[in-house]
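Below are the chains, spelled out letter by letter.
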Amino acid sequence: MCNQVVASILIINKRITYFQQHLYQLIKFSLLLGFIILSGCTTTPEVNKKEKPIPVFPPPPEKARFKYERSLYSSLDVSSEDSVNRFRRLVTGEQRMGQGLAKPFDVKVYQGRVYVSDTVLRSVMVFDIKGKRFFQIGRKAPGLLYLPLGLSIDAQGTLYVCDATAKRIIVYDKDGNYLRAIGGKAYFTRPSGVTVDSSGSRLYVVDTAGVGSKNHRVQVFNAKTGEFIKSIGKRGSADGELNLPRDAVITSNGDLYVVDGGNFRIQVFGEQGNFKFGFGAVGRRPGQFSRPKGISADKQGNIYIVDAAFGNIQVFSPEGKLLMVIGKRGNQDAPARYMLPAGIDIDENGRVYVIDQFFRKVDIYKPVSKLVEKGSNPEHSDKVKK
């Protein structure tokens, strides 16, 4: 009888040992089964869970024109991951690694690809939203970048990158293949912004220069050959003069809008470089400027201007009338909150892309209704100086 009891105990111990040895495999199998079940099911949101409202601009009770859509922080926001790697990270506890933005400066968009210059990473980060992939431009010679600032893209997808250290414009195709370089130390003191006309024939480079320089101007080149054509503007505060210009954009009718940062205004020039009019002044009210930086334009010719001090984007009509304001200053990262906004672009569908250097992100806004002349604060807009 005792021998039977001992034999039973030994059998039970063996089974317990077997179970312990295979416990890890059982856990992995259970996790895999759960992952498969969850991936094929749709979850029902919690009834009591409070979702934060999506920011819209102008805010209620005004009719919304733009709605916050999403933000880009790193390659993980666009690049896809297969199910095998997802399961491996689930089992092992590994963190998915991606390339994040370090200090973004400017942004341009072409057919679903978001190009972001980064001064710390010394490259242009490409978020291919449609293709669900990420890559970088400017990491190797002859198209090596040292301090990429302003960006511009023509209708054919050719990318123009302003390199402040090399004092030249580096030209790539849409996939980042080096094509040519334009300019050089003989033409620039401190280039910061760049814009090309829709045909890709003329290139306008903003030379911010510095407080000790007189070269506050816009340099014009043949975008195809790199031939220098002329200079627009000179240092000063009179009509057509510039003081620490920051950025520029060409509208659909060929007018050149220049952010005249040191004079807290926008200067507008015709296709031949002739001064047409200006708008804006230093101040704290909507329609005025404190630290204007990036600029862009939509298909209707409306002008979008980033103000780093206000922490927002002011939208003007082509004539300089304030239409509305997007975003607001914030000490903590959140949708439509900015500490140090910089570059901006509008894509072919009217989406607005805004860089924030402090929060290291790109916020994207989707248009929800047509932007009209009557803005949220028309009484604050300054009179256009012609």
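For the structure, see preceding data.
Residues numbered from 1 in each chain as written. Predicted model: local features only at pLDDT ≥ 70, side-chain atom pairs only at ≥ 80, totals over all residues. Heavy atoms only, no water.

## Here's the deal with the pairing of strand E17 (residues 265-269)
For step 1, the next point in the chain: Counting buried residues in E17 gives 5 out of 5 residues, a clear majority hidden from the surface.
For step 2, the next point in the chain: Burial of the side chains of E17 extends over both faces: Arg265, Gln267 and Phe269 are buried on one face and Ile266 and Val268 on the other.
For step 3, the next point in the chain: In this sheet, E17 lies alongside strand E16 (residues 256-260) in antiparallel orientation, the contact comprising 5 bridges. Looking across to E17, one finds that Tyr257 is bridged to Val268.
For step 4, the next point in the chain: Linking E16 to E17, which pair antiparallel, is a turn of 4 residues; within it Phe264 sits at a positive phi near 55°.
For step 5, the next point in the chain: The turn linking E17 back onto strand E18 (residues 275-279) is made up of 5 residues, and Gly273 within it adopts a positive phi angle of 90°. (Buried < 20%, exposed > 50% of the residue type's maximum accessible area, 1.4 Å probe, protein only. Helix = DSSP H or I, 4+ residues; strand = E, 2+ residues; numbered from the N terminus. Pairing = 2+ DSSP bridges.)

## Thoughts on the nonpolar core
For step 1, the next point in the chain: In terms of nonpolar packing, the biggest core is built from 18 residues, with Tyr304, Ile313, Met324, Ile326, Val352 and Tyr365 touching the most fellow members.
For step 2, the next point in the chain: Discounting residues that sit within four places of it in the chain, Ile326 has contacts with Phe57, Phe66, Asn312, Ile313, Val315 and Tyr365.
For step 3, the next point in the chain: If you look at the next biggest cluster of nonpolar residues, it comprises 15 residues, including Val78, Val114, Val116 and Ala342. (Core = buried A, V, L, I, M, F, W, Y, C linked by side-chain atoms within 4.5 Å. Contact = heavy atoms within 4.5 Å.)

## Topic: the sheet that holds strand E14 (residues 228-232)
For step 1, the next point in the chain: The sheet built from 4 strands is open, its strands ordered E11-E12-E13-E14 with antiparallel pairing. Sheet topology places strand E11 (191-196) and E14 at the edges, where each strand pairs with a single neighbour. Recorded for the sheet is a direction-independent mean angle of 20° between the axes of neighbouring strands.
For step 2, the next point in the chain: Bridge analysis of E11 against strand E12 (residues 202-207) gives 5 bridges, and the strand direction is antiparallel. Considered in E12, the bridge of Pro191 is made with Asp207. (Axes fitted to C-alpha atoms, helices over the stretch in contact; angles between N-to-C directions.)

## Structural notes on the packing of aromatic side chains
For step 1, the next point in the chain: Tallying each qualifying case throughout the model produces 13 aromatic pairs.
For step 2, the next point in the chain: Taking the centre distance of 6.0 Å and the plane angle of 75° together, the rings of Phe57 and Tyr365 count as edge-to-face. Taken together, the residues span a long stretch of sequence, with Phe57 in strand E1 (residues 56-57) and Tyr365 in strand E27 (residues 361-367) at a distance of 308 residues. Just as Phe57 is buried, Tyr365 falls in that class too.
For step 3, the next point in the chain: With 5.3 Å between their ring centres and 80° between their planes, Phe358 and Phe359 make a pair best called edge-to-face.
For step 4, the next point in the chain: Taken together through their ring pairs, the aromatic side chains of Tyr187, Phe188, Phe221 and Phe228 make up a single cluster. (Phe/Tyr/Trp six-rings, centres within 6.5 Å; stacked < 30°, edge-to-face > 60°.)

## Considerations on the environment of Lys370
For step 1, the next point in the chain: Secondary-structure assignment places Lys370 in the segment after E27.
For step 2, the next point in the chain: What makes Lys370 exposed here is its relative accessible area of 65%.
For step 3, the next point in the chain: A sequence separation of 307 residues divides Lys370 from Lys63, and the C-alpha atoms of the two residues are 10.0 Å apart.

## What to know about the sheet that holds strand E22 (residues 322-326)
For step 1, the next point in the chain: Within the open sheet, the 4 strands sit side by side as E19-E20-E21-E22. Their pairing is antiparallel. Strands with a single pairing partner mark the edges of an open sheet, and in this sheet they are strand E19 (292-297) and E22. Neighbour-to-neighbour, the strand axes of the sheet open up by a mean angle of 20°, direction not taken into account.
For step 2, the next point in the chain: Pairing analysis gives 5 bridges linking strand E20 (residues 303-307) to strand E21 (residues 312-316), with the strands arranged antiparallel. Looking across to E21, one finds that Tyr304 is bridged to Val315.

Fair warning: the whole summary comes from geometry, so function is off the table for now.
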